[in-house]
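Okay, here's what each chain looks like letter by letter:
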Amino acid sequence: MRFDVITLFPELFKPFLESGVTRRAYASGQVEVVLWNPRDFAEGNYRRVDDRPFGGGPGMVMMAEPLAASLDAALAARGQPHGVPVVLFSPIGEALRHEGVAGWAAGEGAVLVCGRYEGIDQRFIDQRVTHQISLGDFVLSGGEIPAMALLDAVARLQPGVLGDEGSHVQDSFNPALDGLLDCPHYTRPEVWQGVSVPGALLSGHHAQIERWRRDQRLRLTAERRPDLIEAARSQGRLSRADETALSKKL
Ligand code: 9D3
């Protein structure tokens, strides 16, 4: 799949695309990422990409024309002038969740538009944007971090990216398949600053270890995300043993 990213700060993406377990997905083109800077499509000696808001008020607004020219260049380079999703990262968009990420991971890609300043000329949004996505109810300085969050989440869902245990790791983080919060993790040493690793994990009994982890996950989820317990129960994803563990802890 291919993602074209329209951003005034393409250099922010370079270290991100070259780091971590997702690097191979980008380097191999399994998740192809092409960066476009609206400044390269701006007119005049000053190559303006922003201007003052009509009606007054604080801050600057991104101009429609450099964004539209960037988008047209990206669509032409894809050889796909129609039918490509155009995503704007925006605080008024729909919050990104696993189901949304899984949808993008199964698709052909998209053009991702990163806003800066107070906002983007609404005429560009109305004419060209097909989806608006937020990272949640807090304020960032622009859409670059949300775009990287989407790319990262999509890249780690690609086959092979997480290595041998990938499918298992994916399943355990996939609310559609499991939907419980993760259990605590421990590594060496067995005792650190006087605190031991939970005995069940040292037992060597696979079934006992799995039951301990499942109980921890149920307990943590019941405490922090009772909505996820309710969803799991109503979808028949809780066993008798799960219900027993929950009834002891609630
Ligand atoms: C006073 C109005 N502000 C909205 C809260 C203006 C404004 C602030 C920051 C408009 C855009 C931005 C930049 N933010 C994003 O581009 C953004 C974002 C975010 O701030 N929070 C969560 N998700 C996202 S996705 C893009």
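Data block above holds the structure.
Residues numbered from 1 in each chain as written. Predicted model: local features only at pLDDT ≥ 70, side-chain atom pairs only at ≥ 80, totals over all residues. Heavy atoms only, no water.

## Overview of the sheet that holds strand E7 (residues 119-120)
Line of reasoning, step 1. On the basis of which strands lie adjacent, the open sheet formed by 3 strands has the order E3-E4-E7 and mixed pairing. Whereas interior strands pair on both sides, the edge strands pair on one side only; in this sheet they are strand E3 (50-51) and E7.
Line of reasoning, step 2. With 2 bridges joining them, strand E4 (residues 61-62) and E7 adopt parallel strand pairing. Looking at the pairing, Met62 lines up with Ile120 of E7. (Pairing = 2+ DSSP bridges. Helix = DSSP H or I, 4+ residues; strand = E, 2+ residues; numbered from the N terminus.)

## Let's talk about the pattern of salt bridges
Any two side chains of opposite charge can pair, so long as their charged atoms come close to each other.
Line of reasoning, step 1. Under the counting rule described, the total for this entry stands at 16 salt bridges.
Line of reasoning, step 2. Measuring nitrogen to oxygen at the nearest pair gives 2.9 Å for the salt bridge that ties Asp72 to Arg128. Here Arg128 lies in helix H5 (residues 122-128) and Asp72 lies in helix H3 (residues 64-78), a separation of 56 residues in the sequence.
Line of reasoning, step 3. Between Arg123 and Asp121 there is a salt bridge whose closest N-O contact spans 2.8 Å.
Line of reasoning, step 4. Residue Arg123 is classed as exposed on the basis of its relative accessible area, which comes to 54%.
Line of reasoning, step 5. Look at Asp121 and you get buried, because its relative accessible area is 17%.
Line of reasoning, step 6. By sharing partners, the salt bridges in this structure join Asp178, Arg211, Arg214, Asp215, Arg217 and Asp242 into a single network. (Salt bridge = Lys/Arg side-chain N within 4 Å of Asp/Glu carboxyl O. Buried < 20%, exposed > 50% of the residue type's maximum accessible area, 1.4 Å probe, protein only.)

## Section: the nonpolar core
Line of reasoning, step 1. With 26 residues, the main nonpolar core has Phe13, Tyr26, Leu112 and Leu151 as its most contacted residues.
Line of reasoning, step 2. At the level of elements, strand E1 (2-6), helix H1 (13-17), helix H2 (23-27), strand E5 (86-95), helix H4 (98-105), strand E6 (109-114) and helix H6 (144-155) are the ones that each hand at least two residues to this core.
Line of reasoning, step 3. Ala68, Ala73, Ala74 and Ile125 belong to the second-largest nonpolar core, a separate cluster that totals 21 residues. (Core = buried A, V, L, I, M, F, W, Y, C linked by side-chain atoms within 4.5 Å.)

## Re helix H11 (residues 240-249)
Line of reasoning, step 1. The set of residues buried in H11 consists of Asp242, Ala245 and Leu246. Along the axis of H11, the buried residues cluster in a sector spanning 95°; they form a single face. Those residues of H11 that are exposed and angled more than 90 degrees off the buried face are Arg240, Ser247 and Lys248.
Line of reasoning, step 2. Where H11 is buried, its residues touch helix H9 (206-224) and helix H10 (226-234). (Arc of directions from axis to C-beta. Contact = heavy atoms within 4.5 Å.)

## A closer look at unusual backbone geometry
Line of reasoning, step 1. For the peptide bond that leads from Arg188 to Pro189, omega is 0°, which places it in the cis range.
Line of reasoning, step 2. Along the polypeptide, Pro189 turns up in the loop between helix H7 (166-173) and strand E9 (191-192).
Line of reasoning, step 3. The backbone of Tyr117 sits at a positive phi, close to 65°, despite the residue not being glycine.
Line of reasoning, step 4. Its location among the elements puts Tyr117 in the loop between E6 and E7.
Line of reasoning, step 5. The backbone phi angle of Gln193 is positive, close to 50°, even though this residue is not glycine.
Line of reasoning, step 6. Position of Gln193 relative to the elements: it lies in the loop between E9 and strand E10 (195-196).
Line of reasoning, step 7. What makes Gln193 exposed here is its relative accessible area of 65%.

## Side note on the site of the ligand
Line of reasoning, step 1. In the neighbourhood of the ligand, 16 residues make up the surrounding shell, with Leu135, Gly136, Phe138, Leu140 and Gly142 lying closest.
Line of reasoning, step 2. Here Leu135 contributes a backbone N or O atom positioned 2.9 Å from a nitrogen atom of the ligand.
Line of reasoning, step 3. Phe138 places a polar main-chain atom, nitrogen or oxygen, 2.6 Å from a nitrogen atom of the ligand.
Line of reasoning, step 4. Alone, the ligand offers 580 Å² of accessible surface; in the complex the protein occludes 73% of this.
Line of reasoning, step 5. The dominant element in the shell around the ligand, judged by the number of residues it contributes, is E5, at 3 residues.
Line of reasoning, step 6. Looking at the shell around the ligand, its residues break down into 9 nonpolar, 6 polar and 1 charged. (Near = heavy atom within 4 Å. Polar contact = N/O pair within 3.5 Å; in protein donor to acceptor, adjacent residues only side chain to side chain. Areas by Shrake-Rupley, 256 points an atom, 1.4 Å probe, with all protein chains shown as cover. Nonpolar A, V, L, I, M, F, W, Y, C, P; charged D, E, K, R; others polar.)

## Remarks on the sheet that holds E1
Line of reasoning, step 1. The 5 strands lie next to each other as E2-E1-E6-E5-E8, forming an open sheet whose pairing is parallel. Single-partner strands in this sheet number two, and they are strand E2 (32-36) and strand E8 (131-134). Taking the axes of each pair of neighbouring strands and ignoring which way they run, one obtains an average angle of 35° across the sheet.
Line of reasoning, step 2. Two elements, E5 and E6, share 4 bridges in a ladder whose sense is parallel. (Axes fitted to C-alpha atoms, helices over the stretch in contact; angles between N-to-C directions.)

## So, the packing of aromatic side chains
Line of reasoning, step 1. Summed over the entire model, instances satisfying the criterion amount to 2 aromatic pairs.
Line of reasoning, step 2. With centroids separated by 5.7 Å and ring planes inclined at 50°, the aromatic side chains of Phe16 and Tyr26 adopt a geometry described as tilted. Residue Phe16 is found in helix H1, and its partner Tyr26 is found in helix H2; the two are separated by 10 residues along the sequence.
Line of reasoning, step 3. On the basis of relative accessible area, Tyr26 is assigned to the buried category, the value being 9%.
Line of reasoning, step 4. Judged by centre distance (6.2 Å) and plane angle (45°), the rings of Trp36 and Phe41 are tilted. (Phe/Tyr/Trp six-rings, centres within 6.5 Å; stacked < 30°, edge-to-face > 60°.)

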